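Structural overview
Here is how the chains run, residue by residue.
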Amino acid sequence: YRVEETIGRGLISVDLTYYDIFVIMVSMATWLIISSAMGIPISTTHSIVGAVTGLGAYKYGLQSLNLKSLVRIAAGWILSPLIGVIMAYFMEKFVSMYLKRRVRGLIDRLKVGRFSGLMLLVWTTYTSFFRGANDIANATSFISLMFDPILARTICGIGMAVGVLTLGRRVVRTVGEELVELDPVSALAVQISVASTLSIGTMLGLPLSGSQILVAAIIGIGLARGSWINIQELKHMILTWITTFPGAAILAIAFAYVI
(Lines give C-alpha, C1' and ligand atoms only; values in the text may rest on other atoms or scores of the structure.)
Protein backbone atom coordinates (compact mmCIF):
# COMPACT_ATOMS: atom_id res chain seq x y z
CA TYR A 1 0.00 0.00 0.00
CA ARG A 2 2.76 2.46 0.92
CA VAL A 3 4.69 1.90 -2.31
CA GLU A 4 1.45 2.23 -4.30
CA GLU A 5 0.75 5.55 -2.57
CA THR A 6 4.25 6.85 -3.31
CA ILE A 7 3.97 6.19 -7.04
CA GLY A 8 0.27 6.24 -7.83
CA ARG A 9 -0.73 9.32 -5.84
CA GLY A 10 2.49 11.01 -4.84
CA LEU A 11 4.43 11.20 -8.10
CA ILE A 12 2.09 13.26 -10.26
CA SER A 13 -0.44 15.86 -9.16
CA VAL A 14 -3.03 15.47 -11.92
CA ASP A 15 -5.74 12.82 -12.23
CA LEU A 16 -4.59 10.40 -14.92
CA THR A 17 -7.06 9.10 -17.49
CA TYR A 18 -7.39 5.43 -18.46
CA TYR A 19 -5.56 6.36 -21.64
CA ASP A 20 -2.64 7.74 -19.59
CA ILE A 21 -2.48 4.61 -17.45
CA PHE A 22 -2.52 2.43 -20.56
CA VAL A 23 0.44 4.35 -22.03
CA ILE A 24 2.40 4.07 -18.75
CA MET A 25 1.79 0.32 -18.44
CA VAL A 26 2.66 -0.41 -22.09
CA SER A 27 5.84 1.66 -21.87
CA MET A 28 6.99 -0.04 -18.70
CA ALA A 29 6.11 -3.52 -19.97
CA THR A 30 7.86 -2.97 -23.30
CA TRP A 31 11.11 -1.93 -21.64
CA LEU A 32 10.97 -4.79 -19.13
CA ILE A 33 10.22 -7.46 -21.74
CA ILE A 34 13.02 -6.35 -24.05
CA SER A 35 15.58 -6.22 -21.22
CA SER A 36 14.47 -9.53 -19.70
CA ALA A 37 14.67 -11.26 -23.08
CA MET A 38 18.27 -10.04 -23.28
CA GLY A 39 18.98 -11.41 -19.80
CA ILE A 40 19.60 -7.96 -18.27
CA PRO A 41 18.41 -7.41 -14.66
CA ILE A 42 16.75 -4.00 -14.77
CA SER A 43 14.54 -2.06 -12.38
CA THR A 44 10.76 -2.14 -12.56
CA THR A 45 10.79 0.95 -10.38
CA HIS A 46 13.03 2.90 -12.75
CA SER A 47 10.79 1.87 -15.64
CA ILE A 48 7.47 3.00 -14.21
CA VAL A 49 8.83 6.21 -12.67
CA GLY A 50 10.44 7.03 -16.00
CA ALA A 51 7.20 6.32 -17.87
CA VAL A 52 5.13 8.46 -15.49
CA THR A 53 7.67 11.30 -15.66
CA GLY A 54 7.82 11.20 -19.46
CA LEU A 55 4.06 11.14 -19.94
CA GLY A 56 3.44 13.77 -17.25
CA ALA A 57 6.02 16.17 -18.66
CA TYR A 58 4.80 15.66 -22.23
CA LYS A 59 1.07 15.88 -21.64
CA TYR A 60 0.65 18.01 -18.52
CA GLY A 61 3.95 19.88 -18.21
CA LEU A 62 6.76 19.65 -15.64
CA GLN A 63 4.60 21.45 -13.07
CA SER A 64 2.41 18.33 -12.85
CA LEU A 65 5.27 16.29 -11.38
CA ASN A 66 5.93 16.13 -7.66
CA LEU A 67 9.64 16.95 -7.57
CA LYS A 68 9.85 16.23 -3.85
CA SER A 69 8.67 12.65 -4.42
CA LEU A 70 11.05 12.26 -7.38
CA VAL A 71 14.01 13.36 -5.26
CA ARG A 72 12.96 11.00 -2.45
CA ILE A 73 12.68 8.08 -4.86
CA ALA A 74 16.01 8.92 -6.53
CA ALA A 75 17.70 9.08 -3.11
CA GLY A 76 16.42 5.56 -2.40
CA TRP A 77 17.84 4.37 -5.73
CA ILE A 78 21.28 5.71 -4.78
CA LEU A 79 21.37 4.70 -1.11
CA SER A 80 19.91 1.19 -1.32
CA PRO A 81 22.67 -0.31 -3.56
CA LEU A 82 25.32 1.32 -1.35
CA ILE A 83 23.73 -0.24 1.72
CA GLY A 84 23.59 -3.59 -0.07
CA VAL A 85 27.30 -3.45 -0.96
CA ILE A 86 28.38 -2.45 2.55
CA MET A 87 26.17 -4.95 4.35
CA ALA A 88 27.20 -7.87 2.11
CA TYR A 89 30.89 -6.89 2.40
CA PHE A 90 30.93 -6.95 6.20
CA MET A 91 28.73 -10.05 6.42
CA GLU A 92 31.17 -11.93 4.19
CA LYS A 93 34.10 -10.76 6.33
CA PHE A 94 32.33 -11.84 9.51
CA VAL A 95 31.34 -15.24 8.12
CA SER A 96 34.86 -15.88 6.82
CA MET A 97 36.35 -15.15 10.26
CA TYR A 98 33.82 -17.45 11.90
CA LEU A 99 34.49 -20.30 9.49
CA LYS A 100 38.26 -20.05 9.94
CA ARG A 101 37.90 -20.37 13.72
CA ARG A 102 35.17 -23.01 13.96
CA VAL A 103 35.23 -25.14 10.81
CA ARG A 104 37.73 -27.98 10.68
CA GLY A 105 37.92 -30.41 7.81
CA LEU A 106 35.76 -31.35 4.87
CA ILE A 107 32.86 -32.77 6.90
CA ASP A 108 32.39 -29.51 8.79
CA ARG A 109 32.47 -27.56 5.54
CA LEU A 110 29.83 -29.83 4.01
CA LYS A 111 27.60 -29.35 7.08
CA VAL A 112 27.99 -25.59 6.86
CA GLY A 113 27.22 -25.67 3.14
CA ARG A 114 24.08 -27.72 3.70
CA PHE A 115 22.87 -25.52 6.53
CA SER A 116 23.55 -22.40 4.44
CA GLY A 117 21.58 -23.90 1.56
CA LEU A 118 18.55 -24.50 3.80
CA MET A 119 18.76 -21.02 5.29
CA LEU A 120 19.17 -19.60 1.80
CA LEU A 121 15.77 -21.04 0.91
CA VAL A 122 14.22 -19.32 3.94
CA TRP A 123 15.81 -15.95 3.23
CA THR A 124 15.03 -16.16 -0.48
CA THR A 125 11.37 -16.71 0.38
CA TYR A 126 11.50 -13.68 2.68
CA THR A 127 13.14 -11.63 -0.07
CA SER A 128 10.56 -12.78 -2.62
CA PHE A 129 7.76 -11.58 -0.36
CA PHE A 130 9.17 -8.07 -0.32
CA ARG A 131 10.06 -8.20 -4.01
CA GLY A 132 6.37 -8.78 -4.60
CA ALA A 133 5.42 -6.07 -2.11
CA ASN A 134 7.66 -3.60 -3.93
CA ASP A 135 7.77 -4.64 -7.60
CA ILE A 136 4.10 -5.63 -7.86
CA ALA A 137 3.11 -2.39 -6.15
CA ASN A 138 4.87 -0.50 -8.94
CA ALA A 139 2.44 -1.94 -11.47
CA THR A 140 -0.69 -1.97 -9.30
CA SER A 141 -0.17 1.65 -8.23
CA PHE A 142 -2.10 2.68 -11.36
CA ILE A 143 -4.00 -0.51 -12.24
CA SER A 144 -5.69 -0.38 -8.82
CA LEU A 145 -7.21 2.94 -9.85
CA MET A 146 -9.03 1.15 -12.69
CA PHE A 147 -9.87 -2.28 -11.24
CA ASP A 148 -10.46 -3.94 -7.89
CA PRO A 149 -7.12 -3.71 -6.00
CA ILE A 150 -7.19 -7.36 -4.86
CA LEU A 151 -7.87 -8.57 -8.40
CA ALA A 152 -5.11 -6.34 -9.79
CA ARG A 153 -2.56 -7.60 -7.27
CA THR A 154 -3.53 -11.22 -7.87
CA ILE A 155 -3.13 -10.92 -11.63
CA CYS A 156 0.21 -9.12 -11.28
CA GLY A 157 1.42 -11.74 -8.81
CA ILE A 158 0.60 -14.53 -11.26
CA GLY A 159 2.35 -12.59 -14.01
CA MET A 160 5.45 -12.20 -11.84
CA ALA A 161 5.58 -15.96 -11.22
CA VAL A 162 5.15 -16.77 -14.93
CA GLY A 163 7.85 -14.25 -15.80
CA VAL A 164 10.36 -15.92 -13.47
CA LEU A 165 9.65 -19.32 -15.04
CA THR A 166 10.06 -18.03 -18.61
CA LEU A 167 12.10 -14.92 -19.44
CA GLY A 168 13.45 -14.75 -15.89
CA ARG A 169 15.72 -17.74 -16.48
CA ARG A 170 18.14 -15.64 -18.51
CA VAL A 171 18.29 -12.98 -15.82
CA VAL A 172 18.87 -15.66 -13.17
CA ARG A 173 21.81 -17.00 -15.16
CA THR A 174 23.30 -13.54 -15.66
CA VAL A 175 23.11 -12.53 -12.00
CA GLY A 176 23.83 -15.91 -10.41
CA GLU A 177 26.67 -17.13 -12.60
CA GLU A 178 28.26 -14.31 -14.61
CA LEU A 179 29.12 -11.64 -12.02
CA VAL A 180 30.89 -13.33 -9.08
CA GLU A 181 31.37 -17.01 -8.27
CA LEU A 182 29.17 -17.79 -5.25
CA ASP A 183 28.97 -20.71 -2.85
CA PRO A 184 26.03 -21.43 -0.49
CA VAL A 185 27.59 -19.42 2.36
CA SER A 186 28.31 -16.30 0.32
CA ALA A 187 24.93 -16.60 -1.45
CA LEU A 188 23.27 -16.59 1.98
CA ALA A 189 25.15 -13.40 2.90
CA VAL A 190 23.90 -11.82 -0.32
CA GLN A 191 20.30 -12.81 0.32
CA ILE A 192 20.30 -11.56 3.92
CA SER A 193 21.66 -8.20 2.76
CA VAL A 194 19.06 -7.90 0.00
CA ALA A 195 16.18 -8.99 2.24
CA SER A 196 17.11 -6.56 5.02
CA THR A 197 17.53 -3.57 2.71
CA LEU A 198 14.45 -4.26 0.60
CA SER A 199 12.13 -5.01 3.52
CA ILE A 200 13.01 -1.80 5.39
CA GLY A 201 12.68 0.30 2.23
CA THR A 202 9.31 -1.28 1.38
CA MET A 203 7.91 -0.65 4.86
CA LEU A 204 9.01 2.97 4.52
CA GLY A 205 7.04 3.17 1.27
CA LEU A 206 10.09 3.58 -0.97
CA PRO A 207 9.87 2.03 -4.45
CA LEU A 208 13.32 0.41 -4.60
CA SER A 209 15.08 -1.65 -7.23
CA GLY A 210 15.53 -5.19 -5.95
CA SER A 211 17.74 -5.92 -8.96
CA GLN A 212 20.13 -3.10 -8.09
CA ILE A 213 20.34 -4.14 -4.44
CA LEU A 214 20.98 -7.77 -5.40
CA VAL A 215 23.73 -6.99 -7.90
CA ALA A 216 25.31 -4.53 -5.46
CA ALA A 217 25.33 -7.17 -2.69
CA ILE A 218 26.98 -9.70 -5.02
CA ILE A 219 29.66 -7.14 -5.85
CA GLY A 220 30.14 -6.57 -2.12
CA ILE A 221 30.81 -10.29 -1.69
CA GLY A 222 33.36 -10.21 -4.51
CA LEU A 223 35.15 -7.23 -2.96
CA ALA A 224 35.23 -8.84 0.48
CA ARG A 225 36.69 -12.07 -0.90
CA GLY A 226 39.02 -10.34 -3.33
CA SER A 227 37.70 -12.65 -6.01
CA TRP A 228 37.13 -12.22 -9.73
CA ILE A 229 34.35 -9.80 -10.72
CA ASN A 230 33.02 -9.67 -14.24
CA ILE A 231 33.60 -5.93 -14.77
CA GLN A 232 32.41 -6.05 -18.38
CA GLU A 233 29.04 -7.52 -17.40
CA LEU A 234 28.77 -5.06 -14.50
CA LYS A 235 29.38 -2.11 -16.85
CA HIS A 236 26.68 -3.47 -19.14
CA MET A 237 24.20 -3.63 -16.26
CA ILE A 238 25.01 -0.15 -14.99
CA LEU A 239 24.62 1.30 -18.47
CA THR A 240 21.20 -0.35 -18.76
CA TRP A 241 20.16 0.99 -15.35
CA ILE A 242 21.19 4.51 -16.35
CA THR A 243 19.24 4.32 -19.61
CA THR A 244 16.12 2.73 -18.10
CA PHE A 245 14.63 5.93 -16.66
CA PRO A 246 15.04 8.08 -19.81
CA GLY A 247 14.32 5.08 -22.04
CA ALA A 248 10.95 4.40 -20.40
CA ALA A 249 10.18 8.13 -20.46
CA ILE A 250 10.90 8.33 -24.20
CA LEU A 251 8.77 5.24 -24.85
CA ALA A 252 5.85 6.81 -22.95
CA ILE A 253 6.15 10.02 -24.96
CA ALA A 254 6.38 8.05 -28.21
CA PHE A 255 3.35 5.87 -27.41
CA ALA A 256 1.33 8.91 -26.32
CA TYR A 257 2.24 10.76 -29.52
CA VAL A 258 1.51 7.83 -31.85
CA ILE A 259 -1.75 6.80 -30.19
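Let me begin by describing the structure that accompanies this report. (Residues numbered from 1 in each chain as written. Predicted model: local features only at pLDDT ≥ 70, side-chain atom pairs only at ≥ 80, totals over all residues. Heavy atoms only, no water.)

**What to know about the nonpolar core**
- In terms of nonpolar packing, the biggest core is built from 32 residues, with Leu 11, Ile 24, Met 25, Ile 48, Val 49, Val 52 and Phe 142 touching the most fellow members.
- Counting residues per element, the ones that place at least two in this core are helix H1 (2-9), helix H2 (18-37), helix H3 (44-59), helix H4 (67-102), helix H5 (105-143), helix H6 (149-165) and helix H10 (231-258).
- Looking at this core, the element that brings in the most residues is H2, giving 7 residues.
- Counting residues in each nonpolar core, the second largest holds 22 residues, with Leu 179, Val 194, Leu 206 and Met 237 among its members. (Core = buried A, V, L, I, M, F, W, Y, C linked by side-chain atoms within 4.5 Å. Buried < 20%, exposed > 50% of the residue type's maximum accessible area, 1.4 Å probe, protein only. Helix = DSSP H or I, 4+ residues; strand = E, 2+ residues; numbered from the N terminus.)

**What to know about the side chain of Ser 209**
- Tracing the chain through its elements places Ser 209 in the loop between helix H8 (184-203) and helix H9 (210-225).
- Look at Ser 209 and you get buried, because its relative accessible area is 2%.
- From its side chain, Ser 209 meets the backbone nitrogen of Gln 212 in a polar contact 3.1 Å long.
- Once residues lying within four places of it in the same chain are set aside, the contact partners of Ser 209 are Ser 43, Thr 45 and His 46. (Polar contact = N/O pair within 3.5 Å; in protein donor to acceptor, adjacent residues only side chain to side chain. Contact = heavy atoms within 4.5 Å.)

**Here's the deal with the pattern of salt bridges**
- This model, assessed by the stated rule, comprises 2 salt bridges.
- The residue Lys 59 makes a salt bridge to Asp 20 at a minimum N-O spacing of 2.7 Å. Within this pair, whereas Lys 59 is found in helix H3, its partner Asp 20 is found in helix H2, the two being separated by 39 residues in sequence. (Salt bridge = Lys/Arg side-chain N within 4 Å of Asp/Glu carboxyl O.)

**Regarding the packing of aromatic side chains**
- Enumeration according to the criterion identifies 5 aromatic pairs in this entry.
- When the ring of Tyr 126 is compared with that of Phe 130, the centres are 5.1 Å apart and the planes differ by 65°; the resulting orientation is edge-to-face. Of this pair, Tyr 126 and Phe 130 both sit in helix H5, 4 residues apart, which is roughly one turn of the helix.
- The partly exposed category is assigned to Tyr 126, whose relative accessible area is 35%.
- Consider the rings of Phe 129 and Phe 130, whose centres lie 5.0 Å apart with planes at 85°: the pair is edge-to-face.
- Taking the relative accessible area as the measure of exposure, Phe 129 reaches 57% and is therefore exposed.
- Take Phe 130: its relative accessible area is 9%, and that puts it in the buried class.
- An aromatic cluster of three or more residues is present, and its members are Trp 123, Tyr 126, Phe 129 and Phe 130. (Phe/Tyr/Trp six-rings, centres within 6.5 Å; stacked < 30°, edge-to-face > 60°.)

**With respect to H2**
- An ideal rise of 1.5 Å per residue puts 28 Å on 20 residues; H2 measures up with 28 Å between its terminal C-alpha atoms.
- Among all positions in H2, only Asp 20, Ile 21, Val 23, Ile 24, Met 25, Ser 27, Met 28, Trp 31, Leu 32, Ser 35 and Ser 36 are buried.
- Gly 39 occupies a position one or two residues after H2 and carries a positive phi of about 80°. (Expected span 1.5 Å × (residues − 1).)

**As for the packing of H2 against H5**
- Contact geometry for H2 and H5: axes closest at 9 Å, N-to-C directions at 160°. With respect to H5, the axis of H2 lies roughly antiparallel. Where H2 crosses over H5, the handedness of that crossing is left-handed. Residues Ile 21, Ile 24, Met 25 and Met 28 of H2 touch H5, and the partners they reach there are Ala 139, Phe 142 and Ile 143.
- Partitioned by chemical class, the residues of the contact of H2 with H5 number 7 nonpolar, no polar and no charged. (Axes fitted to C-alpha atoms, helices over the stretch in contact; angles between N-to-C directions. Parallel < 35°, antiparallel > 145°, perpendicular 65-115°, else oblique. Left-handed = near helix turned anticlockwise from the far one by under 90°. Nonpolar A, V, L, I, M, F, W, Y, C, P; charged D, E, K, R; others polar.)

**Some details on the packing of H2 against H3**
- The geometry of H2 relative to H3 is characterised by a closest axis approach of 9 Å and an angle of 140° between their N-to-C directions. With respect to H3, the axis of H2 lies oblique. You can see that H2 and H3 cross each other, and the crossing is right-handed. The segment H2 lies against H3, with Tyr 19, Asp 20, Val 23, Ile 24, Met 25, Ser 27, Met 28, Trp 31 and Leu 32 engaging Thr 44, Ser 47, Ile 48, Ala 51, Val 52, Leu 55 and Lys 59.

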